Amino acid sequence: MSQSERLDLQGLGGSAAPAGTQNLADILERVLDKGIVIAGDIQINLLDIELLTIKLRLLVASVDKAREMGIDWWEHDPALSSSAGRNPALEERLGRLEEAVGLPSDEGANGRANVEGRDVGT
Amino acid sequence: MTADEAAGPSLVYLFGLIDAALAETAVEDVEGIALGRPIRVVRGPGVAGVVSDVPREEFSREALTENLNELPWLEALARSHARVLDHLVSHGAVLPARLATIYRSDEHVREVLDREHATFARTLDRLQDVREWGVKVSVDRARLSRTIDEADDVSGFDVAGASSGGTAYLARRQREKRVEERVRGEVRARVREAHATLSAVSVDARVLATRAKLPGTNAGEVVLSGAYLVARDREGAFHAAVAELGRRFADHALAIAASGPWPPYNFVEEPSA
């Protein structure tokens with residue numbers, strides 16, 4: 001049982017474990033894939049949620065495994081911590097990490113989520 | 001271009017739905033997605049949507065498509081989304097909306113509420129005074145195999161008495177297969193036991209898909225992932241049941257752990273009969 005899945009017994013019957021401390025994979029598999037489907041003007045294409053979920057699990061696991069091994073250079077590199085736009089350098093390195101820990105590569109699978117809805121302009 | 005389609009700087013992000021009567025108390029000064037943009041409500045008949053404004057440059061269709069594929073951005077959004085829902089569920093029933101359900105304006109949210117409020121109200125009614133808990137049972141398969149093998153009552157073949165190398169190999173292989181069968185049977189029985197025990201103290205329960213075991217990680221292999229909708233006044237009994245299962249499972253190389261409490265993400269549909 002991984003550390004992040006262990007029950008916080010102090011939380012029994014009382015206050016919630018704050019969302020910041022919950023396991024990201026547990027959060028994502030709920031907020032992406034569960035909850036009511038309400039027709040929004042913009043929303044994630046339901047058909048792509050499954051692809052995105054799979055890709056994210058691999059990515060989250062790669063990152064967790066790397067951290068476990070003491071590798072966390074991307075958290076200290078300002079160029080890599082920017083979230084604006086795609087980052088091919090980071091993606092390439094993460095791809096190599098996935099290979100290193102023996103995870104299947106998602107090459108060829110288009111794991112990019114598509115967003116549907118009426119165009120509300122950029 | 002009508003007034004509400006003018007290209008303003010904000011779009012409206014929906015977190016979930018609550019009883020309109022709770023709207024005032026639920027929406028205190030709580031931060032939404034973007035800094036400085038608190039959550040607020042859009043009222044419909046009996047049901048209210050909890051929303052916050054978000055910047056168009058990050059949440060338009062094009063921007064969202066890019067940003068959802070950036071893990072840090074997605075992580076921040078998912079945690080904000082979950083944080084707001086955690087806050088709401090502490091005030092009363094909430095119907096979580098999925099991540100990134102966005103509207104051009106409050107009017108558009110109101111239109112949806114006007115159309116669907118009866119369904120939403122029925123679901124909210126069902127979700128009073130309950131919280132979701134996640135439970136995972138995992139197995140150390142290698143250790144369980146050793147335990148069963150060492151118990152040495154696996155019927156079959158006398159390895160020590162075999163006369164030739166080939167016979168000994170076959171005998172060993174047959175024994176391994178028996179042990180594997182026993183391991184599978186043991187895991188199935190414990191999974192059924194755990195789910196039945198926890199379902200009995202829950203209002204509703206769901207078996208969720210389990211993720212495949214990741215090679216090279218220390219995590220155990222998850223053999224049951226369940227979501228349990230538990231009445232607030234039965235949470236003590238639920239966690240006592242989890243602890244008791246943990247004690248019983250320890251000798252069988254199984255572990256059980258709960259996560260939560262969660263808003264009722266897995267229980268927005270009508271319960272199965």
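Residues numbered from 1 in each chain as written. Chains lettered and ligands numbered in written order. Predicted model: local features only at pLDDT ≥ 70, side-chain atom pairs only at ≥ 80, totals over all residues. Heavy atoms only, no water.

A. The arrangement of the overall build of chain B in detail. Across its full length, chain B carries eight helices and eight strands. In chain B, buried positions account for 50% of the 273 residues. In chain B, the proportion of contacts linking residues at least 24 apart, taken out of those at least 6 apart, comes to 75%. (Helix = DSSP H or I, 4+ residues; strand = E, 2+ residues; numbered from the N terminus. Buried < 20%, exposed > 50% of the residue type's maximum accessible area, 1.4 Å probe, protein only. Contact = heavy atoms within 4.5 Å.)

B. Highlighting the sheet that holds strand 6 (residues 204–208) of chain B. All names here are of chain B. Strand order in the open sheet formed by four strands is 6-7-5-8, and the pairing between neighbours is antiparallel. Whereas interior strands pair on both sides, the edge strands pair on one side only; in this sheet they are strand 6 and strand 8 (254–262). Here the average twist between neighbouring strands, direction ignored, is 20°. Examined bridge by bridge, strand 5 (residues 130–139) and strand 7 (residues 221–231) share 10 bridges and lie antiparallel to one another. The residue bridging Val139 from the neighbouring strand is Glu221, located in strand 7. Taken strand by strand, helix 7 (residues 165–200) contacts strand 5, strand 6, strand 7 and strand 8, and its axis lies near 10° from that of strand 7. (Pairing = 2+ DSSP bridges. Axes fitted to C-alpha atoms, helices over the stretch in contact; angles between N-to-C directions.)

C. Spotlight on the pattern of salt bridges. Residues and elements named next belong to chain B. This structure, assessed with the given rule, holds 19 salt bridges over all chains. Residue Arg79 is joined to Glu75 by a salt bridge in which the shortest nitrogen-to-oxygen separation is 3.0 Å. Of this pair, Arg79 and Glu75 both sit in helix 4 (residues 71–89), four residues apart, roughly one helical turn. By relative accessible area, which is 26% here, Glu75 ends up partly exposed. The partner of Glu176 in a salt bridge is Arg173, with the nearest N and O atoms 2.6 Å apart. (Salt bridge = Lys/Arg side-chain N within 4 Å of Asp/Glu carboxyl O.)

D. Quick look at the confidence of the model for chain A. Residue and element names in this part refer to chain A. Averaged over every residue, the pLDDT of chain A is 64; residues scoring 70 or more account for 50%. Per-element confidence in chain A is highest for strand 1 (residues 42–44), whose mean pLDDT is 88, and lowest for helix 3 (residues 78–81), whose mean pLDDT is 58. Predicted confidence for residues 1–16 stays below pLDDT 50, and this span has 26 contacts to residues more than four positions away or in other chains. Here residues 107–111 is a poorly scored stretch, pLDDT under 50, and it has five contacts once near neighbours within four places are set aside; other chains count. (pLDDT = per-residue confidence, 0-100.)

E. Molecular detail of the nonpolar core. Within the largest apolar cluster, 49 residues are counted, with the highest numbers of intra-cluster contacts made by Tyr13, Phe59 and Leu64 of chain B. Only helix 1 (24–31), strand 1, helix 2 (46–68) and helix 4 (88–100) of chain A together with strand 1 (10–19), strand 3 (47–55), helix 4 and strand 4 (94–103) of chain B provide two or more residues apiece to this core. Looking at this core element by element, the count peaks at 10 residues for helix 4 of chain B. (Core = buried A, V, L, I, M, F, W, Y, C linked by side-chain atoms within 4.5 Å.)

F. Structural view of the confidence of the model for chain B. All names here are of chain B. Confidence in the prediction of chain B, expressed as mean pLDDT, is 87, and 87% of residues score 70 or more. Scored below 50 in pLDDT, residues 1–5 makes seven contacts in the model with residues more than four places away or belonging to other chains. Both confidence scores are given for the complex: pTM 0.74, ipTM 0.80.

G. Broad picture of the environment of Val230 of chain B. Residues and elements named next belong to chain B. Relative to the helices and strands, Val230 resides in strand 7. Distance from Val230 to Ala243, taken between C-alpha atoms, is 16 Å for residues 13 residues apart in sequence. With sequence-adjacent residues up to four places away left out, Val230 is seen in contact with Asp129, Val130, Arg131, Trp133, Val201, Ser202, Glu235 and Phe238.

H. Here's a closer look at helix 5 (residues 106–126) of chain B. Of all the bends in helix 5 of chain B, the greatest measures close to 75° and is centred on Glu116 of chain B. Elements that come into contact with the buried residues of helix 5 of chain B comprise strand 1, strand 2 (40–43), strand 3 and strand 4 of chain B. (Bend = angle between axes of the 7 residues up to and from the residue.)

I. Inspection of the packing of aromatic side chains at higher detail. Residue and element names in this part refer to chain B. The tally for this structure, following the rule as stated, stands at five aromatic pairs over all chains. Relative to Phe238, the ring of Tyr228 has its centre 5.8 Å away and its plane inclined at 50°; by these criteria the two rings are tilted. Taken as a pair, Tyr228 in strand 7 and Phe238 in helix 8 (residues 235–250) lie far apart in primary sequence, 10 residues in all. Here Tyr228 and Phe238 have matching classes, each one buried. Ring pairing ties together the aromatic residues Tyr13, Phe15, Phe59 and Trp73, which thus form one cluster. (Phe/Tyr/Trp six-rings, centres within 6.5 Å; stacked < 30°, edge-to-face > 60°.)

J. The arrangement of the packing of helix 6 (residues 141–151) of chain B against helix 7 of chain B in detail. Residues and elements named next belong to chain B. Interhelical geometry of helix 6 versus helix 7 gives an angle of 115° and a closest axis separation of 9 Å. In this structure, the crossing between helix 6 and helix 7 has a hand that is right-handed. The residues of helix 7 that touch helix 6, namely those facing Arg141, Leu144, Ser145, Ile148 and Asp149, are Arg175, Val179, Arg182, Val183, Arg184, Glu186 and Val187. A class-by-class count of the residues in the contact of helix 6 with helix 7 yields five nonpolar, one polar and six charged. (Left-handed = near helix turned anticlockwise from the far one by under 90°. Nonpolar A, V, L, I, M, F, W, Y, C, P; charged D, E, K, R; others polar.)

K. Representation of the side chain of Glu132 of chain B in the model. Topologically, Glu132 of chain B is positioned in strand 5. A polar contact is formed between the side chain of Glu132 of chain B and the side chain of Arg30 of chain A, at a distance of 2.9 Å. Of note is the side chain of Glu132 of chain B, whose polar atom sits 3.1 Å from the backbone nitrogen of Tyr265 of chain B. Those residues in contact with Glu132 of chain B that sit more than four places away from it in its chain are Arg30 of chain A together with Ala227, Tyr228, Leu229, Pro261, Trp262, Pro263, Pro264, Tyr265, Asn266 and Phe267 of chain B. (Polar contact = N/O pair within 3.5 Å; in protein donor to acceptor, adjacent residues only side chain to side chain.)

L. The arrangement of the packing of helix 7 of chain B against helix 8 of chain B in detail. Residue and element names in this part refer to chain B. Interaxial distance between helix 7 and helix 8 falls to 10 Å at its minimum, and their mutual angle equals 165°. With respect to each other, helix 7 and helix 8 are oriented roughly antiparallel. Crossing geometry of helix 7 relative to helix 8 is assigned as right-handed. Contact residues: helix 7 offers Arg190, Glu193, Ala194, Thr197 and Leu198, while helix 8 offers Phe238, Ala241, Val242, Leu245, Arg248 and Phe249. Taken together, the residues of the contact of helix 7 with helix 8 break down into seven nonpolar, one polar and three charged. (Parallel < 35°, antiparallel > 145°, perpendicular 65-115°, else oblique.)

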